[in-house]
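Chain residues, written in single-letter form:
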Amino acid sequence: MKKFFLSIVSIAVLGLGTSCSGNDDGPILNDDDGGQGGIIVKSGILTENETWTSENIYVLDGKVVVDENVTLTIEPGTIVKGEQGQETLASALIVDQGGRLIADGTASEPIIFTSILDDIQVGETAGSNLTVEDAGLWGGVIVLGRAPISVSGDLETAQIEGIPANEPFGQYGGTTPNDNSGIIRYVSIRHGGITIGQDNEINGLTLGGVGSGTIIDNIEIVANQDDGIEWFGGTVNSSNLLVWGCGDDGFDADQAYSGTILNGLVIQGATSGTGLELDGPEGSSATEDSFTMNNITIIGGGISSRTADLRDGLLASLNNVLVYDISATSTIRISGEDSQTEYANGRLNFSNWEIVLPAGVANAVDLLEDAPVGLENLFTDNVTIISSPANATVGANLNVFSWTFAAQQNAF
C-alpha cells in the first residue's frame, strides 16, 4: 500500500457538546440534537467507503483524500467547509487515482463546498457574510484519474499542481481513456484557491487525467483565487459550467485534454486573469486528439483582463462563443508557429464567434494580440460584431444556471 496514515474524525454537535455513536460509515450524531445536525471534522485518507449526509456540515481539516478503491458519496444538499490552513496545510478534498467521488446534487439541493468562514447553515444554499470578493480562504476539489496526459519528457504520469511532491498521493495520468472517477453534478465550490507556494495555488475544480467514464455536469465555481476549472489532460466531457469572479483563468485546459466542454459561462471579476487559457500538448507526440468547446459565454466585467489566451500548439475547436462587456484592453492572444501548423492541418478551428466591441475599438482584429497573419484570418473570418448581447445567436444557455449562487446574486 502507498498510503500510511489514517483518517481522523471528530464531531461537535452544534450547541450540545460532543456525545456521538458510530457505525460502518463513520460516527453519527445522537438523535437528540433537535434536528440541527452537527459538524463532522474530517482529515487524512479515507480508507473505507463513506457517505456524507445533508443533515450535517462536514469540515475538511487539511487534505482529505479518497483513497484508491474507496468511494465517497455526498448526498444532495450537503455542505462541506474547508479550514483555513496555509500553504502545505491548506484544506482540500482530493480524489486519488482509483478512488471515486459520487457528489450527485440536484438543482434544488446542490452540494456546496465553501470556507469555514462562511456562515451558511444546514438546509441553506447561501450564507450572508461572504461575497465574490472573498477568495483564497481554503483549497478546493482535486480529482485525479488514469486517462492520458501529455507532459514534458513524455511521462505517463505527473504530480498535480497544488499538492506537494512529498505527499503519498497526487499522481495523475495513465493509459485508460474511459477511467471513471465518479459523478460531480450540481456542485458549487466557493471562496477557495489558497496559495501553497509561489505560483502554486489550488484551482476551484482540478481535473487531472480524468477519464470519460466520469460525469462532470452543472458545476459552479465562485471567488476562487486561482483558476475556476482546469483540465490537465484527460478525456472527461464537462457541461453546464459557471465560473464567477476568479483571480486567474476561468477555464484552463492543457496537456492534451481531449474531451468536450459544452455550455460554459465565465463571469470575470475585478481581479480576474484570462477568461479562457487554452494550451496544447507539452510532450513530443503529435498524435493527440484536439478538444472541443461549444456554446461559451465570456462576460468581461468591463475590466482589462485578457479575454482569451490561445497558446502555441493548441489543438481545439472553439465554437459558438459570445463575448461582451469587455474593455479595450481585453485582448485575445493567438500565438505561435505551431498553432499555424495545427490550423493548416485542420486541428485548430474557430466557428461562430459573436463579440460586442468595447468603446474605442472599431474592429475585431483590434482585439488580437500577437496573432500571425494566418491565425488573424482564422479569427476575423469567424467573428461577427453585434451591438448587444440581446442580439446574440450563440453562447451559453444561461437558463440552466438558475440554481447557482451567481444567479442568486444577479451576477448575469
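What you see is a predicted model, and the numbers here were worked out from it, not measured in a lab. (Residues numbered from 1 in each chain as written. Predicted model: local features only at pLDDT ≥ 70, side-chain atom pairs only at ≥ 80, totals over all residues. Heavy atoms only, no water.)

Novice: Is there a simple way to explain the packing of helix α1 (residues 337-344) against helix α2 (residues 373-380) in this structure?
Specialist: Packed helix pairs are characterised by how far apart their axes lie and by the angle those axes make with each other. Across the interface, α1 lies against α2 with an axial gap of 9 Å and an inter-helix angle of 55°. One finds that α1 runs oblique with respect to α2. Our pair here, α1 against α2, has a crossing hand that is left-handed. Together, S339, Q340 and Y343 of α1 and G374, L375 and L378 of α2 make up the contact between the two elements. For the contact of α1 with α2, a count of residues per class yields three nonpolar, three polar and no charged. (Axes fitted to C-alpha atoms, helices over the stretch in contact; angles between N-to-C directions. Helix = DSSP H or I, 4+ residues; strand = E, 2+ residues; numbered from the N terminus. Parallel < 35°, antiparallel > 145°, perpendicular 65-115°, else oblique. Left-handed = near helix turned anticlockwise from the far one by under 90°. Contact = heavy atoms within 4.5 Å. Nonpolar A, V, L, I, M, F, W, Y, C, P; charged D, E, K, R; others polar.)

Novice: Help me understand the pairing of strand β15 (residues 182-190) in this model?
Specialist: In summary, the side chains of a regular strand alternate between the two faces of the sheet. Among the nine residues that make up β15, seven are buried, leaving the element largely enclosed by the rest of the structure. One ladder, built from four bridges, connects strand β10 (residues 100-104) with β15; its direction is parallel. Directly across from L101, in β15, lies its bridge partner G182. Relative to β15, strand β11 (residues 111-115) is paired through three bridges, and the arrangement is parallel. Note that in β15 the partner of I112 across the bridge is S188. One ladder, built from seven bridges, connects β15 with strand β19 (residues 215-222); its direction is parallel. Counted as the bridge partner of I189 is I221 from β19. (Buried < 20%, exposed > 50% of the residue type's maximum accessible area, 1.4 Å probe, protein only. Pairing = 2+ DSSP bridges.)

Novice: Any chance you could explain the packing of aromatic side chains here in plain terms?
Specialist: Note on aromatic pairs: each is described by the distance of the centres and the angle between the planes. Going through the model one piece at a time under the given rule, you end up with 10 aromatic pairs. A ring pair is formed by W353 and F379, whose centres lie 5.8 Å apart and whose planes are at 80°; its orientation type is edge-to-face. Of this pair, W353 sits in strand β29 (residues 348-355) while F379 is found in helix α2, placing the two residues 26 residues apart along the sequence. No difference in accessibility class separates W353 from F379, as the two residues are buried. In this structure an aromatic cluster arises from ring pairing among W231, F251, Y257 and F291. (Phe/Tyr/Trp six-rings, centres within 6.5 Å; stacked < 30°, edge-to-face > 60°.)

Novice: Just checking my understanding: could you explain the pattern of salt bridges for this structure?
Specialist: When the charged atoms of two side chains lie near each other, side chains of opposite charge can form a pair. In total, this model carries 11 salt bridges according to the counting rule given. One salt bridge connects R146 with E68, and the closest N-O pair in it is separated by 3.0 Å. With R146 in the loop between β12 (141-144) and β13 (158-159) and E68 in the loop between β6 (57-66) and β7 (71-74), this residue pair connects regions lying 78 residues apart in the sequence. Residue class for R146 comes out partly exposed when judged on its relative accessible area of 27%. Salt bridges sharing partners connect three or more residues here, namely E277, D279, R306, D309, R311, R333 and E369. (Salt bridge = Lys/Arg side-chain N within 4 Å of Asp/Glu carboxyl O.)

Novice: Could you clarify how one ought to interpret α2 in this entry?
Specialist: One full turn of an α-helix is made of 3.6 residues, so residues set three or four places apart face in the same direction. Regarding α2, the residues found buried are L375, L378 and F379. Angular distribution of buried residues about the axis of α2 spans 95°; they occupy a single face of the element. Looking at the buried positions of α2, the neighbouring elements they touch are β28 (332-334), α1, β29, β30 (368-369) and β31 (383-385). (Arc of directions from axis to C-beta.)

Scope: geometric values only; no functional claims are made or implied.
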